[in-house]
Every structure is written in structure tokens, then in C-alpha cells.
Amino acid sequence: MSNSPKPAQATPLNPRRRGIIVGASDGMGATLAHKLVKEGYTLALIARREEKLSSLCAEINTAEGETRALAYVHDVANYDEVPDLLRKIVADLGGLDLVVFMAGVNFPPGLNNYNFEGDRKMIEVNLIGAMAWLSPVAEMFQNAKAGQIVGISSVAGDRGRIGNPGYNTSKAGLTTYLEALRNRLTRHGVNVLTVKPGFVKTEMIKAAQGGTPFAISPEQAAEDIYKAMRKRKQLIYTASIWRWIMLVIQHVPSVIFRRMSF
């Protein structure tokens with residue numbers, strides 16, 4: 001749990017927005033945290049790795065000259081911890097306006113191998129972990145008739161490819177779950193944004209099999225996400241070229257697609 005001093009409370013003259021990033025210790029999560037703090041957010045940052053998480057919060061708070069980021073160590077596969085942790089975070093922040101689910105793992109088995117343990121872990125973290133966090137958040141925001149949810153899915157969920165069936169499935173499930181939340185919550189004034197990155201230059205890119213075309217920096221991804229949040233969009237690809245690439249891939253006939261090796 002966070003040992004940092006409590007952040008300043010929002011007031012009518014200082015209407016500071018409050019958010020949670022789940023999976024924030026490095027990569028896109030850490031970069032988005034820096035971006036959101038610069039845009040006026042106070043954040044609860046959640047990740048498994050305490051050292052990296054504490055370092056990130058210290059870096060943000062030192063730069064801002066006040067407490068703007070609080071660290072909470074948590075493994076998203078520990079679903080039973082979520083209700084109590086969420087309540088504590090909301091109390092610590094003094095409210096909640098935004099939740100970003102960024103956590104994800106990727107264990108590609110290789111083209112000729114099968115690995116149930118890796119597949120299970122990807123489903124547990126990428127999909128069930130997201131549901132464990134976003135279900136109570138959705139209920140909270142629905143009752144408040146306000147709020148924003150951002151889920152980081154992937155272009156990998158747009159079609160079942162041979163290289164990594166478990167990862168494809170976890171992200172396809174997350175995309176569908178986010179769409180279902182959107183369809184429920186839009187009528188209650190809550191925005192749900194699905195983000196589908198292609199290749200981003202983070203540690204996870206090391207799990208890529210083959211080339212990594214159109215790879216972008218975490219900074220570009222964070223900028224794209226923030227712009228979409230401000231416009232209350234429903235779905236974005238980052239980089240944007242993936243929208244057109246995946247449109248083609250989605251329409252390749254199955255009889256052809258099953259012969260492709262990517």
C-alpha cells in the first residue's frame with residue numbers, strides 16, 4: 001500500500017481529476033501516468049513490482065512538488081484483493097473519475113508448441129484480471145452517472161492467428177468485454193474506450209514473433225490514448241495505420257487466412 005502523504009483534495013477552484021492505472025510500473029503505463037499527471041490528474045498507480053512502482057511515484061511527485069501519484073502493490077491475478085483495494089484507493093484519492101486497465105502479459109508458445117500454463121496465465125491477467133477490476137468500477141460509475149474506463153486490448157485480438165492462440169483469445173475476450181461495458185454504460189453517461197495497440201517499443205515487444213512493423217514509442221501511444229480520452233472516443237488503434245491493416249486482415253477469407261503463417 002502507499003506510504004506517500006495524501007494528495008490534495010479536489011475543490012471547486014481546483015477540480016483535480018482522480019484516476020487509477022492498473023499495470024503502471026513501466027512501458028505504456030508509466031508513460032501514460034506522466035502524461036495524465038501533467039494534464040491535471042492525481043493517480044493511484046498499481047503494479048506487481050514494488051521497486052519500479054515506488055521509483056515512478058517518487059519521480060512524479062518530486063517533479064510536481066507535491067503528492068500526485070500513490071503506489072499500490074498488487075498482482076491482478078489476486079482477484080479477491082480488488083474490492084478492498086478499490087475502496088481504499090477511492091478513499092485515499094477522495095473520489096474517482098478514471099480507470100485505465102493496462103496490465104498484460106504475453107507468453108508466445110512458438111508456432112509448433114502448445115503451453116497451457118502460459119495460456120492460462122494470459123487469460124488470468126489479460127482478461128479475468130480486467131474483469132475483476134472493471135466490474136466494480138463499472139457499477140460505481142453507473143451509479144454516479146459519470147466516469148471513464150480505458151482498456152488496453154490489442155490488434156492481436158482481431159483475428160485468431162497461429163502464433164499465439166492464448167494471447168489472441170485473451171485480447172479478443174477483453175475487446176468484447178469492453179464493448180459490452182460500453183453498451184451498458186453509455187446510457188448512464190460513462191465513456192468506455194478500447195485501445196488496440198500494434199507494436200509498441202516496450203519490454204513486451206520482445207515477445208513478438210517475427211518483424212515488428214510500424215512500432216511506435218510509448219510516448220506516442222500515451223499521446224494517442226489521451227487525445228482519445230479527451231474526445232470520449234469508443235475505439236482507437238495506435239498507431240492509426242493498424243485500423244486499415246486490421247480491416248484488411250478481418251476480411252481475408254478463412255480458407256486463405258488459415259494458410260498464413262503469422
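The rules behind each value
- Residues numbered from 1 in each chain as written.
- Predicted model: local features only at pLDDT ≥ 70, side-chain atom pairs only at ≥ 80, totals over all residues.
- Heavy atoms only, no water.
- Helix = DSSP H or I, 4+ residues; strand = E, 2+ residues; numbered from the N terminus.
- Rg over C-alpha atoms; globule rule 2.2 N^0.38 Å.
- Buried < 20%, exposed > 50% of the residue type's maximum accessible area, 1.4 Å probe, protein only.
- Pairing = 2+ DSSP bridges.
- Axes fitted to C-alpha atoms, helices over the stretch in contact; angles between N-to-C directions.
- Contact = heavy atoms within 4.5 Å.
- Polar contact = N/O pair within 3.5 Å; in protein donor to acceptor, adjacent residues only side chain to side chain.
- Core = buried A, V, L, I, M, F, W, Y, C linked by side-chain atoms within 4.5 Å.
- Parallel < 35°, antiparallel > 145°, perpendicular 65-115°, else oblique.
- Nonpolar A, V, L, I, M, F, W, Y, C, P; charged D, E, K, R; others polar.
- Expected span 1.5 Å × (residues − 1).
- Arc of directions from axis to C-beta.
- Phe/Tyr/Trp six-rings, centres within 6.5 Å; stacked < 30°, edge-to-face > 60°.
- Lys NZ or Arg CZ within 6 Å of the ring centre and 35° of its normal.

Asks: Where do I start with the overall build of the chain in this structure?
Replies: Across its full length, the chain carries 8 helices and 7 strands. Its C-alpha radius of gyration of 18 Å places the chain within 12% of the 18 Å reference for a compact globule of 262 residues. Seen along its three principal axes, the alpha-carbon backbone of the chain occupies a region of about 60 × 40 × 35 Å. Expressed as a percentage of the 262 residues in the chain, the buried residues total 49%.

Asks: How do you make sense of the sheet that holds strand β7 (residues 235-238) when you look at a structure like this?
Replies: Note: strands within a sheet are paired through backbone hydrogen bonds, in either parallel or antiparallel orientation. Taken in spatial order, the 7 strands line up as β3-β2-β1-β4-β5-β6-β7 in an open sheet, and their pairing is parallel. The open sheet has two free edges, formed respectively by β3 (69-73) and β7, since each of these has just one partner strand. Strand-to-strand, the axes of this sheet are offset by a mean angle of 15°, without reference to chain direction. Strand direction decides the pairing type here: strand β1 (residues 17-22) and strand β4 (residues 98-101), joined by 4 bridges, are parallel. Within β4, the residue paired with G19 across the bridge is L98. On the sheet, helix α2 (residues 50-64) packs against β2 (41-47) and β3 and is oriented at approximately 175° with respect to β3.

Asks: Explain the side chain of D158 here, please?
Replies: Summarising the element assignment, D158 is placed in the loop between β5 (148-152) and α5 (165-185). At a separation of 2.6 Å, a polar atom in the side chain of D158 contacts the side chain of Y237. Side-chain polar atoms of D158 contact the side chain of Q250, separated by 3.0 Å. Residues within four places of D158 in sequence aside, it is in contact with K196, Y237, M246 and Q250.

Asks: Sorry, what's going on with the nonpolar core here?
Replies: Within soluble globular proteins, side chains that are nonpolar tend to cluster in buried spots. Counting 42 residues, the largest nonpolar core has I21, L32, L36, L43, L45, V150 and M229 as the members making the most contacts within it. Formed by 37 residues, the second largest nonpolar core is a distinct cluster that contains L85, V105, A130 and L185.

Asks: Hey, could you run me through the packing of helix α4 (residues 116-144) against α5 in this one?
Replies: Each pair of packed helices can be summarised by the angle the axes make with each other and by the distance between the axes. At their nearest, the axes of α4 and α5 sit 8 Å apart, and the two run at 10° to each other. Comparing their axes, α5 and α4 come out roughly parallel. Contact residues: α4 offers D119, M122, I123, N126, L127, A130, M131, L134, S135, A138 and Q142, while α5 offers G166, Y167, T169, S170, K171, G173, L174, Y177, L178, L181 and L185. Looking at side-chain class alone, the contact of α4 with α5 contains 13 nonpolar, 7 polar and 2 charged residues.

Asks: For this particular structure, what's the right way to read the side chain of T42?
Replies: By secondary structure assignment, the location of T42 is in strand β2. A residue is classified by how much of its surface remains accessible, and T42, at 2% relative accessible area, is buried. With sequence-adjacent residues up to four places away left out, T42 is seen in contact with P7, R16, R17, R18, G19, T67, R68 and L93.

Asks: So what exactly am I meant to see when it comes to helix α3 (residues 82-93) here?
Replies: An α-helical turn contains 3.6 residues, so any two residues separated by three or four positions project in the same direction. Helix length check: α3 (12 residues) gives 16 Å between terminal C-alpha atoms against 16 Å at 1.5 Å per residue, within 8%. Three or more residues of α3 are buried, namely V82, L85, L86, I89, D92 and L93. Seen end-on, α3 carries its buried residues on one side only, within an arc spanning 130°. Summarising the geometry of α3, the exposed residues directed more than 90 degrees from the buried face are D84, R87 and A91. For α3, the elements touching its buried residues are β1, β2, β3 and α4.

Asks: Would you mind showing me how to read the environment of L111 here?
Replies: With respect to the helices and strands, the residue L111 is situated in the loop between β4 and α4. In this structure the C-alpha to C-alpha distance between L111 and E139, which are 28 residues apart in sequence, comes to 40 Å.

Asks: Help me understand the packing of aromatic side chains in this model?
Replies: Here the distance between the centres and the angle between the planes together describe a pair of aromatic rings. Counted by the stated rule, this structure contains 2 aromatic pairs. When the centroid spacing of 6.1 Å and the interplanar angle of 90° are considered together, the rings of F214 and W242 count as edge-to-face. Of this pair, F214 sits in the loop between β6 (191-197) and α6 (218-230) while W242 sits in helix α7 (residues 241-250), placing them 28 residues apart in sequence. On the basis of relative accessibility, which here comes to 43%, the residue F214 falls in the partly exposed class. Aromatic ring contacts, followed pair by pair, group F199, F214 and W242 into a single cluster. Its guanidinium or amino end placed over the ring of F257, R159 lies 4.1 Å from that ring's centre, counting from NZ or CZ.

Treat this as a map of the structure, not an account of what it does.
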